[in-house]
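Structure assessment
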Amino acid sequence: TALPVEKVSKNCWRVAAGGASTIYVDYDLYANERSVRTNHVDADHAFLSPASTFLFVRGRQAESPDVEIELPDGWDVFTGLPDAGGAWRAEDYDTLVDSPFEIGPHRELGFEVEGVSHRLVLAGEGEVDADKLAADVQLVSAEVASIFGFHAWLGLFACTIMIMFARMLKSFLQHPETTEQTAE
């Protein structure tokens with residue numbers, strides 16, 4: 001049964017729950033702009049910027065949300081959030097918003113720096129020597145760790161670095177446990 005919904009402002013809706021303890025919300029998501037701040041979904045991948053994707057209930061942002069994603073065969077989810085047995089769990093809404101999702105049949109390389117596990121995700125098609133790129137990123141990460149220390153910086157115990165190959169798009173965005181880089 002559909003519940004009455006009132007649009008209060010540009011980004012706020014009020015749902016008359018009528019005492020229901022659980023409600024389900026269905027909404028369309030615009031996903032046709034490729035940048036580090038918007039969503040993009042096509043036959044090759046999906047990039048979800050949580051701030052542009054997920055709703056929250058005012059007053060409940062401190063709760064721990066889980067994100068479940070149904071995947072096509074051969075696709076994986078790449079995010080800085082921990083896997084919670086088929087879902088990805090954020091500590092709170094702010095952590096969720098700071099944890100982008102890249103989804104698709106991407107190349108993944110791994111390495112460690114000072115005991116911190118890193119995974120380098122190469123999304124899309126691009127001419128790159130993946131092993132050399134991983135070695136270079138490992139050197140840069142080691143230098144950053146020598147200056148700042150991973151454990152001191154946000155308590156980092158794992159790091160996901162996403163490089164998205166896309167024509168005519170160059171951008172960079174840093175999140176606590178995920179870095180996004182797009183390259184032509």
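This section reports on the structure supplied with the text.

Calculation rules
Residues numbered from 1 in each chain as written. Predicted model: local features only at pLDDT ≥ 70, side-chain atom pairs only at ≥ 80, totals over all residues. Heavy atoms only, no water. Salt bridge = Lys/Arg side-chain N within 4 Å of Asp/Glu carboxyl O. Helix = DSSP H or I, 4+ residues; strand = E, 2+ residues; numbered from the N terminus. Buried < 20%, exposed > 50% of the residue type's maximum accessible area, 1.4 Å probe, protein only. Polar contact = N/O pair within 3.5 Å; in protein donor to acceptor, adjacent residues only side chain to side chain. 1 Å grid on protein atoms, 1.4 Å probe; cavity = no way out; pocket = protein on both sides within 12 Å on 5 of 7 lines; lining within 4 Å. Points joined across faces, edges and corners; volume = space filled by probe spheres on them. Nonpolar A, V, L, I, M, F, W, Y, C, P; charged D, E, K, R; others polar. Phe/Tyr/Trp six-rings, centres within 6.5 Å; stacked < 30°, edge-to-face > 60°. Pairing = 2+ DSSP bridges. Patch = residues over 30% accessible without salt bridge, like charges linked within 9 Å, V, L, I, M, F, W, Y side chains within 5 Å. Areas by Shrake-Rupley, 256 points an atom, 1.4 Å probe, with all protein chains shown as cover. Core = buried A, V, L, I, M, F, W, Y, C linked by side-chain atoms within 4.5 Å. Contact = heavy atoms within 4.5 Å.

1. Concerning the pattern of salt bridges
- As enumerated under the stated definition, the model contains 6 salt bridges in all.
- Across the pair Lys 132 and Asp 136 runs a salt bridge whose closest N-O atoms are separated by 3.2 Å. Of this pair, Lys 132 and Asp 136 both sit in helix α2 (residues 130-148), 4 residues apart, roughly one helical turn.
- A residue is classified by how much of its surface remains accessible, and Asp 136, at 34% relative accessible area, is partly exposed.

2. Examining the side chain of Thr 160
- Tracing the sequence through the fold places Thr 160 in strand β11 (residues 158-165).
- Look at Thr 160 and you get buried, because its relative accessible area is 5%.
- Within the structure, the side chain of Thr 160 is placed 3.1 Å from the side chain of Arg 119, a separation counted as a polar contact.

3. Points about the layout of surface pockets
- When its volume is computed, the largest pocket comes out at roughly 2,100 Å³.
- Val 25, Phe 54, Leu 55, Phe 56 and Val 57 are, among the 41 residues lining the largest pocket, the residues nearest its centre.
- For the lining of the largest pocket, the secondary structure elements donating two or more residues are β1 (5-9), β2 (12-15), β5 (66-67) and α1 (93-97).
- Element by element, the count of residues in the lining of the largest pocket is highest for β2, at 4 residues.
- In terms of residue class, the lining of the largest pocket is built from 23 nonpolar, 9 polar and 9 charged.

4. Looking at the environment of Arg 58
- Turning to its location among the elements, Arg 58 is positioned in the loop between β4 (46-48) and β5.
- Given the relative accessible area of 67%, Arg 58 is considered exposed.
- Separated by 46 residues in sequence, Arg 58 and Cys 12 place their C-alpha atoms 9.4 Å apart.

5. Overview of the packing of aromatic side chains
- Scanning all chains against the criterion turns up 2 aromatic pairs.
- Seen in terms of ring centroids, Phe 54 and Phe 101 are 6.1 Å apart; in terms of plane orientation they differ by 70°. Their pairing is edge-to-face. Of the two residues, Phe 54 is situated in the loop between β4 and β5 and Phe 101 in strand β8 (residues 101-104); the sequence distance between them amounts to 47 residues.
- The buried category is assigned to Phe 101, whose relative accessible area is 0%.
- A ring pair is formed by Phe 56 and Tyr 93, whose centres lie 4.7 Å apart and whose planes are at 50°; its orientation type is tilted.

6. Brief notes about the pairing of β1
- Bridge count for β1 against β2 is 4 bridges, and the pairing is antiparallel. Within β2, the residue paired with Ser 9 across the bridge is Cys 12.
- Counting the residues between successive antiparallel strands, the hairpin from β1 to β2 contains 2 residues.

7. Regarding a nonpolar patch on the surface
- Taken together, Leu 3, Val 5, Trp 13, Val 15, Ile 23, Val 25, Tyr 27, Leu 29 and Leu 55 make up a surface patch of nonpolar side chains, about 760 Å² in accessible area.
- Counting through the fold element by element, Leu 29 comes out in the loop between β2 and β3 (40-41).

8. Quick word on the nonpolar core
- In terms of nonpolar packing, the biggest core is built from 14 residues, with Ile 69, Leu 96, Phe 101 and Ile 103 touching the most fellow members.
- Every element with two or more residues in this core is listed here: β4, α1 and β8.
- Once residues lying within four places of it in the same chain are set aside, the contact partners of Leu 96 are Pro 50, Phe 54, Pro 65, Val 67, Leu 81, Ala 90 and Phe 101.

9. Considerations on the sheet that holds β4
- Taken together, 4 strands build an open sheet; the order of strands is β3-β4-β8-β6 and the sheet is antiparallel. In this open sheet, the two edge strands, each paired with only one partner strand, are β3 and β6 (76-78).
- Looking at chain direction, β6 and β8 are connected through 3 bridges and run antiparallel. What sits directly across from Phe 78, in β8, is Glu 102.

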